[in-house]
Structure formats: C-alpha cells, structure tokens
Amino acid sequence: MIGYYISLAMRSLRGTPILSALMIAAIAVGVGASMTVLTVNYMTSKNPLEHKDSVLYAVQLDSWDPNESYNRGGRGNQIPWQLTYQDATALLRSEIPARQVAMHRFGFTVTTDDSQVRPFVANARVTTRDFFGLFDVPFKHGGTWEKSADETPTLSVVLSSATNAKIFGEKNSVGEVIQLNGEPFTVVGVIEDWNPSPKVHDLNNGAFNDSEEIYIPFGLHRKFEIHSWGNNNGWNSGGNEGVTGYEAHLQSESVWIQYWVELDSAAQKRDYEEFITNYIRQQKEQGRFQRPLKFALTQPSEWLVLNEVLDQDSRVLAWCALAFLLVCVVNAVALLLAKFLRKAPEAGVRRALGAGRGSIFTQHLIESGCIGLLGGLAGIVLTLVGLAGIRVLTDDGFDRVAQMDWAMVFAAIALAVFASLLAGLYPAWRISRTNPSVYLKTQ
Amino acid sequence: MFEIKPMLSALWRNKISALLIAVQIALTLAIVSNSVTIIQERQQKIDRPTGIDVENLIGITFMPVPTEYDMAGAVVADLDLLRSMPGVIDASVTNQLPLSGSGSASGYFLEPNQEIGDLTANYYHTDPHFINTLGMKLVAGRNFREDEMKILGAHDNQISDVAIVTQQFADSAFPEESALGKYLYSGRDDHPTKIIGIVDRHLGAWPSWNLAGNVVFNPMLITGNHKRYLVRTEPGQRDAVFKQLEDKLAERDPQRVIHVETTEENKRQSYSGDNLMIKMLSVVVGLLTFIVALGIVGLTTFWINQRTKQIGIRRALGASRSNISRYFLVENSIIAVTGLTLGGTAALIINEAIANNFSQPPLSLSLLIGCAIVLLVVSLTAALVPALRAANISPATATRSV
Amino acid sequence: MLKMQNIRKSYRTDTIETHALRDFSLEVNEGEFVSVTGPSGSGKTTFLNIAGLLETPTGGQYLLDGQEVGNLSDSERSRLRNEKIGFIFQGFNLIPDLNLFDNIDVPLRYRGFNAKERRRRIEKSLEQVGLSARAKHLPAQLSGGQQQRVAIARALAGEPRFLLADEPTGNLDSLMARQVMELLEFINEWGTTIVMVTHDPDLARRAQRNIQIVDGQVSDLRQTIAQPEAAIA
C-alpha cells in the first residue's frame, strides 16, 4: 500500500507542478539554511579525542592573583587555562598518571644542507615525550624521544609527515639532521598525517589551526630561551628577588604551559587529585597559591565546551537557522493545506469507494513526506552551496569545518522529511476528517 | 465600503490558513528585526575608523636563523633600507602588527606600587617614526626623540620612561584633566612612565577586544628571536613595494626567514567572523522575506480560486475591478497587521533572550517599526499579483452553473 | 438487504437545526431495483449518504445485510462500503489524474487484493461496460456516457451486493441515459440490489419499485410493478 501511496503522491506532485515546486523550494531553502549552520556547528563541536574521553584530563591550577580571579572575556571556570613553568615541571615529577604532557606552541627556523629547500619558520610544539601516546598520534617512522630529553637538553625532533615530505621527500628521515635556529637536531620520528579539528589539545591558538610541523623535547627551554608562541598571561610582574632574565620568566607566575594527563582508573584519578591537593598545600606554605584551593581536571568533551569552541555567534546562527526552518514549515503547512483542500473531492470519492480515514491520512502524509524527500535532496545541494560560501568567506582553518560528512547528509534528509511530515500532519488530518458526501454531489 | 464585517467573517471561516500566514509574518518579523540589529552592529564595528592608513600599510615579520644574532644592528640596517625604497613613505620597528589579532597587553596603574585597580591597554614597542608610519595624528604633546629609544633583551624589565597614548586611553585614565605630563606605573613597581603625547585614535592589535582603542606606545626595541616592521607606502604603491620587500631584505641579510603581509588583509581576517555573521544573516533575512512572499502569493491565489464564483457574483452585482482587488488587499492587510503585532512582541522577547544569553545588541523600537513597514509592503506586493488577477475574473462566471 | 427504521438526521449550524430525515423507514430486499424520487431538498441525498454509510444518522436503526451499522467505527464502515456497496454519481466522480485502469483500481487497492487479482477484475469490469480498449485513457478523453460507464465499472469491480446510484443519468443526453439505464438493469438481473435516486419519472418507473421522499419521510409506499422483460428490451 505504501508503494501505491508513493505513486499517487508523485502523480499529485506532477499534477500541480508550480505549487509543488514552491513547497519543495521552501523546504529545500529551510533545510539548506539550517543544515549549513548546523553542519558548521556540528563539525565545530566534534571531539577528536572521543575515544579517550574518559581517561584524558586537561589540568588547571588556580595560581592566580590573590586580588582577583582569572577572567578571560567571561569564559571558562575562572582558573587559568595554562600552568606556570614551575608548576608544570613540578607536576611532571608525579608518577601517578599513565601518561602526562606539558607543552606549548613555539617556532623555529628550519634550514637544511639541501640548498633546494628554502629556510622557513616551522610551527613547533615543545612537549614532553608522552604527547604522541597520550593523544594517539600514529608514527610513520621511528618514535618519540628518550625520557631524559624532557629534562636535559637533547637535540631531537619529530617531524610531521608534511614537513618530512617538504624536506626529505618520501624518504624515511629518521637519523637525518636538520638545523633548527641554526642548531643541528636529529630526526627521531615522523608521524602520520594528524590534524584533529577542532584542535582540542590546544584551543588557545586558533581551535581550527593546523597541527604543528615539528615536535621538540621539553628539556630545551633554557638552551634556546624558549617562550610561548601563544597566550602568555601574568599578574605578578615583580618576580623573585635577585633572579633576572630568562630564569625570571621560568620562575614567574606567568601561565603559558598546557598540561594534560591520562588517568586510567577512578582510583588513579583520586590519587592524582590528592597529589595535586598536597602540592597546592605545600606551595601555599611557601607563599604561593594565595587564592582558595582550586584546581580542575577536565575531560576533552567538557574542555571544548568550557573553551566555547562553539562561539556565541554560532549559537545565534543556529537558533536563527532553526527559526528559519520553522517559518518554512509553517509555510509548508499553509501550502499543503491549500493543495490538499483543492483535492478534497478526490479524497471524497476515495472515501466513498471504501478508503478509511486512516488511508486518506496516510496517503496525504506520504505525499508530504515525498515533498520533504525531494526538498531534502535539493536542500543538500543548497547546503553544499552554503558551505562553499562559508569556505570563501572564512580563512584557511575553517575549510575542514565547513564540510558535509555522511552523517550530515542523512541528517539533512531526515530533517527535511521530519519537517514536512510535521507540516503535513494537520493538512492530512484535516482532509481525512472532511465529510466525503459534500464532494460527491455535482458542484 | 470596505465591508470589514463580512470580510472578517470570511477570514474566520478560513481561520487556520489566515493564522498560518499571520504566524509566518510574525516569525519573520521577529527574526528579521533581530538579524538586522546584529547586522547593523557588526557593520558599525567594521566601519569604525582604525586611526591608521590601512590601505597603504605592510607588515613584515622576520626570524633570524642563527641563535646568536645582532638584532639591534639588523633593525637599524633594515629600517635604513626600507625607508630608502622608492614608494615608501616611512617605516618603523614594532612588536606587533595593527589589526592582526596577535599582540600584547598590560595593566597600567596611576600610582606607584599598586596591586589592584589597573587599566588594561594594548601596547607597542616602537620608534619615533611610528606616527608617520601608521598615518596617525598627534593631537597633544610631542613625538618620541631618538635618544629616548631603549634597547633591551627579551627578558629584561621592559619599562619605558616616556609613552604616547591614544585619546581613548587618556580619557579613561584621566577623565577630568589632560593626561599630558601624567605618569603611568606597572603593578608592584615605582618606575614612572611619563605621558608625553596623545594620538587621536588607534584600534590596536585586536579590533574585537572590548577595550580596543586603549593603546600605549613605548619607544623601545626588544632584541628577541623575531622582529617586526611596519612600512607605509605612497598611495597606489603598496603592491609594487610588497613584491620587492622579501627579496630586498633577504638580499641585505639572507640568514633569516621573512614573512610579509598587508594590514588590509590583517584587517579582513580580524573581521572575518563579523563579516561571516553579516553575510549569513543577510542571506537569512533575504531568503526569509522571499519565502514569506511566496507563501502569501500561494495562499492568496488559492483563496481566490476558491472564491472565483463568489467574485463573479460580486462583479455581476456591480462591484468594480478595483473593489475586488481592494477586497483582497484589505484582507491581506488585516492578516499582515495581526502577524506584525504578534511578531513585534515576539521580536522584543527574543531580543531580550539573545541580548542576555549571547551578548547581542538591543533592538531599537524604530528599527522594529521600520522592519514591520518593509514586511507590510512585501506582504501587500505579494498579495497584489493574485488580487489583480482576481479583478479580471469575468462577471459571466456567476452565470455558469457547472 | 437494507432495513431502515425511524431514521433521523438533522444538521446543526450555530443558529438553526434542520431535519433532513424524520422517522424515515424503508426496507429494500435482496435483488430489488428501487428508485427514489422527491422534490429537491426533500432528503433524497441524505438518505443516500446514510444508506451508503457516508454519514451516520442522528437516530434510528439501520441494518445492512442484517448487520446493525449505526454504531460501527469509521474504519468498519469504510470496509463495508468497500466490500458491499458500489456508488454511481451524477457527476461520475472519476479521479481526473488517473486513467480508466487506475480509477477502477482505487476500490480494489483498499480491498487489499493482490496485483493479479486486481488486474483480472479491472479487465473484466472494463469488458462488461465495453471499454476494454480505452484502459489507458484519462477520463477527460471520454464522452459523458463513457465516463459514467467507467464509473459503473469501478462500482462493479469489487462485486458489491448493493449499488447506490445518485442521478446516474442526470448529466447525460437521452440516448446515453438509456444505455446507462440498460446497463443498470442488466446488472440488477445478475443479482445486485440497486437503489437509484432520480427525478426523472420515466426512469423511476422502470425500477421494480418507486418510493417518494417528501419532507424527510417516505410518503408513498405503493409499489410500481416493473416488467423485467421490458427492462431487458
């Protein structure tokens, strides 16, 4: 019977091509607009660390100014997003977490012996060796550096697959040497293409920026006087007496180190919380951490929310798009009602020939659904157009966000069919309730 | 003449359809008026004067390859080279590029050794050429002198003796009196920085920052591991200069990586979010109005088809063409005005919600009324086409029985 | 076959209540051909709508084929309509978008027959009305008489026991009217009970029995004796 209703629906659509096209266009435009916005929001809110969401935590310590809480544009939990260098190195001494990463963004000039490769500045991630294991970064060649490189200066580097290709072509470069800021670094590993979006492990430096080009051990700060190429916030410009220059920066209350831990069990998490509590207590005794004792371990999914990766403009647009779809639905209700009432005599005949109210209702609901299906297909095309428009209007990093995946394609069709079934509900009910005898008389 | 009463009872019989149109118009008004408010606010934000010669500015960032590098010497040589290039008006060294989204800010106190109560400002480390390079206007005091330049290491205590500030910063720091000759301090420090000049306007590195326009300029060169220059060209010369810059600088000293960008591009990128918002909301407003107009055309056509005979009878009984079209236009107005009244209320409620939850601007009554009038006109125009067609229905329709 | 006792039907608007049928009683036997006449507004159509289960009476009892149908649900009444009742209308009421084949298909679809059975019945009923060759035509391509024959074919395809005809010849010229009438008589010969509303006294006389409705009541139960032989001729 469904097949019969569908063939009737198609016949009916062909019978009133202009009104049908109008309805399909209305649904398509509504779906196109909402899916464009929803796709961007969906891609924006994706959690690339979904599979490790229950074991990874971003670490925050409230080492901020005793006079006022940390506040960045009203976002977050009033704890600094990053740690001071001294706290990061202290936390690294804990043996509780299965893996832990202290890191930040930086840049090095890259030169090679090959005169074909022009010197360039590579975006670098200065990090502890667990980075690759903790964030599940797959290696193409080699692996991460020795544990000792996180504390003592070791000129090792891990290349991204693109950087490897840029300098060495397709060759396995493990063991080769490149010059970073003029110093010889030995390549110990090359990772596979890895470019999570949003960049959940570092949301401070553009949530949709590309991943870094090179990875450098954490033990090199003093040798290169490395500071952060990212947010660097301080509140106590005085610093320690008698310490000057770069050392003062390392011992300051500036926060610039991002910190993540992997805690495999609830027990491990409890132990770690206790460890941090003790650490803060001990620091308090030394005159630091004068604010109320506060720290946070945040899972990736919550970290994305806390950092408002989906910004307020996106939310406004999402509501706007849904309201738009609502108008399209109301529009479709009105037009479907007009269309169905025009066909009321036919429904009357069908009733006389033995169709129950249910049959008439189903027949018309299916007709609405067909309009939705066609509207959804056209809506997908409009969504692709809309996303292409967004890619033109935004900068590079957003390219990966303004993309439709299969889930969104099905969502578009589902949304269109749902919207038109919703729109068809009242008109179909109305026509199924109409007294058939009215239409059977001539005139 | 307008037969309001029979018209109302006819509408009542078609109440669901009429209501659906009214609801569409209401929702449309609510969305459109709020969207237009946001669009206006963003456009005003983008149109704010930057205080600088955006079209003719180029920013350069370079990073030397060797770790040991004579940064101060390189900067002097580079600036001499840049200023001597044909088409270049002036060049300055700087720690940040205007409107680029990347820069530094600091808290300033009006008394020494304070911990709380600071004013935050975006700050530049630059040289005496900066006013001319950026194309700003000095409204009070004087420019820096060459002998006031400090050359410091990346981790030295970077406090200047003198500073130039924007009028906006001067006004917020010293609302009652002139800021000229007053002193600024860093927190927990007693080294005074004297304000020696005031420039009219400069938005700084982050145009979307809520304190954009609070800017402090210091005569200072920090020898870090990278440096930036700003170059202002003669009008029309920017692109020609832009093309040569990297080669010229690399020719003078190849041991470095150089990146060149225009301030216009930086500005575009800084506002790309606002621009996207404007474009998306404009598309929504346009499409929505179009959809509603289509809906009105569709439904008015349907009603007229339903009432063909009735219209014929009216014509046969002496109604003129204009009586007939007026009937449908008045009917449409009743629906539209109902919808717009509902929509106006909804618009204000929605605005309240988004102003509170998404920090969007408040909706002005005049804008709401403006949008309502535009929608009324759209609605009447949409109804006009079928209404004029209705007027052409022949009175003979009445006598045709089947 | 059909038994109505004290049927009442009133229509109510905001202000007035009109009684279309009052204490209406009628019995039609299996195989009968009954014509119903009466002035316009007398309640003929209401009677037909109630008889055809398109409307429910306000009161009274209606037995169709021995079954009380007054309290049946809409879907039960729809099923009865589909299985036992065929309709023929003055305006033919063919669905303009559907060709003859698909028009006749409509009641069979609701009956739930499989494709093969539907095709068999459609072809058979088209043959009965002599329009087999035009199965793929749309109603608009046919003359009025042909359209009415399609409507009859559609009514017959479900092999109903009971045929309701509302002014079946009202829109036809006399030649075509006669053809349609002969077709109905032929169908009646084969055992289908027919109730026909008409205001044409000649046609009414051709039925085995004529009843007259005046003011919502059966005014005259005198039988008009029809001659079956004459009907066939």
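Residues numbered from 1 in each chain as written. Chains lettered and ligands numbered in written order. Predicted model: local features only at pLDDT ≥ 70, side-chain atom pairs only at ≥ 80, totals over all residues.

**Looking at the overall build of chain B**
Per the secondary structure count, chain B includes 11 helices and 12 strands. Taking 21 Å as the expected radius of gyration for a compact globule of 402 residues, we find that chain B reaches 32 Å, considerably beyond that expectation. Taken along the three principal axes of its C-alpha coordinates, chain B extends 100 × 50 × 35 Å. Out of the 402 residues belonging to chain B, those deemed buried represent 40%. (Helix = DSSP H or I, 4+ residues; strand = E, 2+ residues; numbered from the N terminus. Rg over C-alpha atoms; globule rule 2.2 N^0.38 Å. Buried ≥ 20, exposed ≤ 12 C-beta atoms within 10 Å, placed from the backbone.)

**Quick notes on the sheet that holds strand β5 (residues 67-68) of chain C**
Residues and elements named next belong to chain C. The four strands are arranged β2-β1-β4-β5 in an open sheet whose pairing can be described as antiparallel. Each edge of the open sheet is held by one strand with a lone partner, namely β2 (17-28) and β5. As judged from the eight bridges shared by strand β1 (residues 2-12) and β2, these two strands associate in the antiparallel manner. Considered in β2, the bridge of K3 is made with E27. (Pairing = 2+ DSSP bridges.)

**Regarding helix α6 (residues 238-252) of chain B**
All names here are of chain B. For α6, built from 15 residues, the straight-helix expectation of 21 Å at 1.5 Å per residue is met to within 8% by its first-to-last C-alpha distance of 21 Å. Maximum bend of α6: about 35 degrees, positioned at L245. Buried within α6 we find R238, V241 and L249. (Expected span 1.5 Å × (residues − 1). Bend = angle between axes of the 7 residues up to and from the residue.)

**What to know about the nonpolar core**
Ranked by size, the top nonpolar core spans 174 residues in total, and within it A:I27, A:F324, A:C328, A:A332 and B:L29 carry the most contacts. Looking at which element gives the most residues to this core, the answer is helix α10 (residues 312-342) of chain A, with 19 residues. Dropping the residues within four chain positions of it, A:A332 is found in contact with A:M23, A:A26, A:I27, A:S420 and A:A423. One finds A:Y57, A:V110, A:F131 and B:Y108 within the second-largest nonpolar core, a separate group that totals 105 residues. (Core = buried A, V, L, I, M, F, W, Y, C linked by C-beta atoms within 7 Å. Contact = placed C-beta atoms within 7 Å.)

**Examining the interface of chain A and chain B**
Contact residues are listed per partner, giving 48 residues for chain A and 48 residues for chain B. Broken down by secondary-structure element, the contributors of at least two residues to the side of chain A that touches chain B are α2 (17-44), β2 (99-111), β3 (120-127), α7 (245-251), α10 and α12 (357-393) of chain A.

**Describing the sheet that holds strand β12 (residues 256-262) of chain B**
Sheets are built from strands that pair by backbone hydrogen bonding, the pairs being arranged parallel or antiparallel. All names here are of chain B. With antiparallel pairing, the four strands of this open sheet are ordered in space as β2-β11-β1-β12. The sheet terminates laterally at β2 (88-94) and β12, the two strands that pair on one side only. The average angle at which neighbouring strand axes cross in this sheet is 20 degrees, direction not considered. Set on the sheet, helix α3 (residues 71-84) makes contact with β2 and β11 (227-233); between it and β2 the angle comes to about 165 degrees. (Axes fitted to C-alpha atoms, helices over the stretch in contact; angles between N-to-C directions.)

**Notes on the interface of chain C and chain A**
With 23 residues of chain C at the interface, the matching set in chain A holds 19 residues. Put simply, the parts of the chain that give the side of chain C that touches chain A at least two residues each are α1 (44-51), α2 (74-84) and α3 (100-111) of chain C. Of the residues belonging to the side of chain C that touches chain A, the class tally is seven nonpolar, nine polar and seven charged. (Nonpolar A, V, L, I, M, F, W, Y, C, P; charged D, E, K, R; others polar.)

**Some remarks on the domain arrangement of chain B**
For chain B, the domain assignment lists domain 1 (4-47 + 272-399) and domain 2 (66-254). Distance from the C-alpha centre of domain 1 of chain B to the C-alpha centre of domain 2 of chain B: 54 Å. (Domains from an automatic or database assignment.)

**Considering the pairing of strand β8 (residues 214-217) of chain A**
All names here are of chain A. Side chains I214 and I216 project from β8 onto one buried face, and the interleaved Y215 and P217 project onto a second face that is buried too. Where β3 meets β8, four bridges bridge the pair, whose relative direction is parallel. Opposite R125, over in β8, you have Y215 as the bridge partner. Note: strand β5 (residues 156-159) against β8, two bridges, orientation antiparallel. By the bridge assignment for β8, V158 is matched with Y215.

**Things to note about the environment of B:I311**
Residue and element names in this part refer to chain B. Note on placement: I311 falls in helix α9 (residues 308-316). According to the C-beta neighbour criterion, I311 is buried, with 24 such atoms within 10 Å. The sequence separation of I311 and I393 amounts to 82 residues, and the corresponding C-alpha distance is 7.1 Å. I311 has contacts with I324, A390 and I393, leaving out every residue within four places of it along the chain.

**Topic: the packing of α3(C) against helix α4 (residues 115-128) of chain C**
Residues and elements named next belong to chain C. Running from N to C, α3 and α4 cross one another at 120 degrees; their axes reach a closest spacing of 10 Å. When the axis of α3 is compared with that of α4, the two are oblique. The handedness of the crossing between α3 and α4 is right-handed. Counting all contacts with α3, which are made through L100, F101, I104, D105 and L108, the residues of α4 involved are R118, R121, I122, S125 and L126. Split into classes, the residues belonging to the contact of α3 with α4 amount to six nonpolar, one polar and three charged. (Parallel < 35°, antiparallel > 145°, perpendicular 65-115°, else oblique. Left-handed = near helix turned anticlockwise from the far one by under 90°.)

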